[in-house]
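The primary structure of each chain is shown beneath.
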There are 2 protein chains.
Amino acid sequence: MDRSKLRQFANLLVRVGGNVQPGQPVVVGCDVANAGIARLIAECAYDAGASEVIMNWSDEVCSQMKFLRAEEKVFDVYPDWAVRRFGHWDESGAAYLHVDSDDPDLMKNVAPERLRRHGIASSLATKEHMRAVMANSVRWSVIGAPSGAWAAKVFPGVPGEEALERLWEAIFEASRMNEGPDPVETWRRHNENFKARLDFLNGHKFRALKFRNSIGTDISVELPEGHVWCGGGDRARDGILFNPNIPTEEVYTMPLKSGVNGRAVGSKPLQFRGKLIENFELIFRDGKVVSYKAEKNGAILKNILENDEGASYLGEVALVADTSPIARMGLMFYNTLFDENAACHFALGKAYPSCIEGGGDKSEEELRDLGANDSLVHEDFMVGTADMSITGVSRDGTETPVFVRGDFISI
Amino acid sequence: MDRSKLRQFANLLVRVGGNVQPGQPVVVGCDVANAGIARLIAECAYDAGASEVIMNWSDEVCSQMKFLRAEEKVFDVYPDWAVRRFGHWDESGAAYLHVDSDDPDLMKNVAPERLRRHGIASSLATKEHMRAVMANSVRWSVIGAPSGAWAAKVFPGVPGEEALERLWEAIFEASRMNEGPDPVETWRRHNENFKARLDFLNGHKFRALKFRNSIGTDISVELPEGHVWCGGGDRARDGILFNPNIPTEEVYTMPLKSGVNGRAVGSKPLQFRGKLIENFELIFRDGKVVSYKAEKNGAILKNILENDEGASYLGEVALVADTSPIARMGLMFYNTLFDENAACHFALGKAYPSCIEGGGDKSEEELRDLGANDSLVHEDFMVGTADMSITGVSRDGTETPVFVRGDFISI
């Protein structure tokens, strides 16, 4: 891939993603296999005035080896120093820039119990940090960059170098890198386009949304009073705009935990730690999943739902037009950062505090009292189709179309 | 380089270097550019029964960028979480395996003041850990692996890939990888060969050694009562043998801090953070450097000597035969791990506690009272030549030849 284009991409992450400010420390998370792009990010961050760029390297080969070969006890421990590290970075006002290049199948042969125990240990230990991230107390952003294994999964049968190149092209297309000479300017416009949709939804303050399509989804999702639709750029607590995800095409808010009733049918497979849960559906009553089925990997779905109390309630409802670039590409990325932008979706588990008025300043108890779901998990699943209709129901009972045939009514 | 040979090398580090035991955690320190060898080390460590292999990645490109571009204040801080990380690893009984591939010129354009301040901050913060390392409370080992920049420095003008390959060959030759089919067995014999020399020196309990050669070195180095000559494999506090350095050809002990008198002339350039101090000499009186000169980079030598009080006293005296493999190769590696095995040398700064009887259990005060030097620095410089003579002086005044014409008398 052309170095100047890679540098533009790195710069997009720094300027639009984290919106790094002079004097700010920056933490770059990246796999060692993508050191090239990580170094470009570091360069761009210093150009933006970063006080220091701290590299937080990972290596998926060694991670997999650990999950396959380390002693059992390792997976119940998340070391104290690593918790303090996040605390130190959070307190110093760091921006977190992350490059995601995970092999979707990396953990395929790992005992799910090990992943579950590690997931619980790390979620509990890093709860404060994750709260800071989800409440936008810190600025953070994630982009994708291909690894050999990921490219081979997306383009099976294509020779290695060509598959890498094609995945770069797909990531650039999805990330709106090809819409003009200056991606930073493209994203400024992209963020403006979000505004009209957010203004419509936040202006209506719907009591509920009703989703219906031809594959069986028929569900009413109540929204809590004071809910906020978010999307595109977010404003961090310091008032500075940033884009947590590149790409992003969704507008989203939190459902009322106890107000979800009906049937949600998965419109695409749910990828979880290298396994695909296929042709599944969930039945909700008063917010809770009361039954479910899946043609494939139902046991994994069960595992997700049983993680904790909140894992069987919704924490996010997101609207994505069937005409969005990623939906149009029709490519399965096997990566949520991309695939969640291909269709309307819900998430099981934790709600984003920023999706309710003043949520970033509220305690866990206050958020719960307002109807927000809490959990150690946050797992997206797609329900959107080309014939999805969504109707907004106001407090006075008035019904307003929101989606017709898979796309926003023209707002 | 042939993968099976690389794997043998990784295995040498695991089995002979750290001597990893079943159930032991292992910390692997490596540059991201050498991820291939790091992963082989991780594999071999799990084969040896490691409970967990923790990767501690670095990237010299980003390190250099930080030293050149980060804010000044960064260099006075060593974060608390990083101190606790070492504490956690030390307490869990981890073995530290490190792959050194530093570009010798990496810090050439960095302001020395930044390096000095960073050096002081990190030395002070990691004092406990460094004490554990130097006292062999933990097992640790360092090998070399080429980087492009390092290979280009050692073989200037040789094309990239060929230079890398030649540096691998040189590292293997220096590390005694070519002496037989099984490097682990070669090193068992190598460690046995050290024993005769150590028995001779430790049996004599010399009061002093007198060094003299034709380039002007003429110096008497007193040794403290209870000094211990070490070399080759060390025994960690848990009684398990390990080899902190691969390669290693030196036998070494600590001088009596106040007992060094005379003139030491550098026989090879002293490489310090990418710069070469050339044609230098130091005059010692009652242990302390009272004057010095250098034809090139005398200011850097001054900087070293002024680091702290102990930096102008010796902390190590080491004997290396002029017939050792690395001396025979006649190659300047620009890396102390290798170059210190090319000639007899002294070190300015901290003495190894293991070089005095029971030193690993003694406090800083006790070590000082026994005549050991303490400092935040430990900087080797070469004095050995092909005509070096060394004479041992016993407590009763008897003189015994130790080195004649650059080599051990036949022991």
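Up top is the structure.
A short tour of the structure in this document, coming up. Nothing here was measured: the structure is a model prediction, and the numbers come from that model.

The helix and strand inventory of chain A stands at 13 helices and 20 strands. What you see for chain A is a C-alpha radius of gyration of 20 Å, in line with the 22 Å of a compact globule of 411 residues. Projecting the C-alpha coordinates of chain A onto the three principal axes gives extents of approximately 55 × 50 × 45 Å. In chain A, which comprises 411 residues, the share counted as buried stands at 56%.

On to the sheet that holds strand E1 (residues 25–31) of chain B, then. All names here are of chain B. Pairing is parallel in the open sheet, where four strands are placed in the order E2-E1-E3-E4. In the strand order of this sheet, the two ends are held by strand E2 (52–58) and strand E4 (140–144), each with one partner. Here the strands of the sheet are splayed against their neighbours by 15° on average, with no regard to which way each runs. Here five bridges tie strand E3 (residues 95–100) to E4, and the two strands are oriented parallel to one another. Paired with Leu 97 across the bridge in E4 is Ser 141. Along the sheet, helix H1 (residues 3–17) contacts E3 and E4; its crossing angle with E4, the most-contacted strand, is approximately 155°.

What follows is about the state of the cysteines. Per the counting criterion, the structure on display carries zero disulfides over all chains. Free of any disulfide, A:Cys344 has its nearest neighbouring cysteine sulfur in A:Cys355, separated by 15 Å. The thiol of B:Cys230 is unpaired, and the distance to the nearest cysteine sulfur, on B:Cys355, comes to 4.0 Å.

For these two chains of identical sequence, chain B goes onto chain A by a turn of 180° and a shift of 0.0 Å along the axis, with RMSD 0.1 Å. What the superposition gives is, in effect, a two-fold axis relating one chain to the other. Taken as a fraction of all interface residues of chain B, those also at the interface in chain A reach 100%, which identifies the copy contact as same-surface.

Residue and element names in this part refer to chain A. As for its position among the elements, Ser 312 is in the loop between helix H10 (298–305) and strand E15 (314–319). Relative accessible area serves as the criterion here: at 6%, Ser 312 is assigned to the buried category. Among the polar contacts made by the side chain of Ser 312, one reaches the side chain of Lys 288 at a distance of 3.3 Å. At 3.4 Å, the side chain of Ser 312 and the backbone oxygen of Glu 309 are in polar contact. Not counting chain neighbours up to four residues away, the residues in contact with Ser 312 comprise Phe 284, Gly 287, Lys 288, Val 289, Leu 305 and Leu 348.

Before going further, it helps to examine the sheet that holds strand E3 (residues 95–100) of chain A. Strands belonging to one sheet form pairs held by backbone hydrogen bonds; the direction of such a pair is parallel or antiparallel. All names here are of chain A. Read across the sheet, four strands follow the order E2-E1-E3-E4 without closing on themselves; strand pairing throughout is parallel. The sheet is open, and its two borders are formed by strand E2 (52–58) and strand E4 (140–144), each paired with just one other strand. The average angle at which neighbouring strand axes cross in this sheet is 15°, direction not considered. On top of the sheet, helix H1 (residues 3–17) reaches E3 and E4; it is set at about 155° to E4, its chief contact.

Let's shift gears to unusual backbone geometry. Residues and elements named next belong to chain A. Going from Ile 246 to Pro 247, the amide bond is cis rather than trans, its omega being 5°. Positive phi values are uncommon outside glycine, yet Asn 297 reaches one of about 60°. One non-glycine residue, Tyr 334, lies in positive phi territory at about 55°. If you trace the backbone, Tyr 334 turns up in the loop between helix H11 (325–329) and helix H12 (336–339).

Parameters at a glance
Residues numbered from 1 in each chain as written. Chains lettered and ligands numbered in written order. Predicted model: local features only at pLDDT ≥ 70, side-chain atom pairs only at ≥ 80, totals over all residues. Heavy atoms only, no water. Helix = DSSP H or I, 4+ residues; strand = E, 2+ residues; numbered from the N terminus. Rg over C-alpha atoms; globule rule 2.2 N^0.38 Å. Buried < 20%, exposed > 50% of the residue type's maximum accessible area, 1.4 Å probe, protein only. Pairing = 2+ DSSP bridges. Axes fitted to C-alpha atoms, helices over the stretch in contact; angles between N-to-C directions. Contact = heavy atoms within 4.5 Å. Disulfide = S-S within 2.5 Å. Least-squares fit on C-alpha atoms with pLDDT ≥ 70 in both. Polar contact = N/O pair within 3.5 Å; in protein donor to acceptor, adjacent residues only side chain to side chain.

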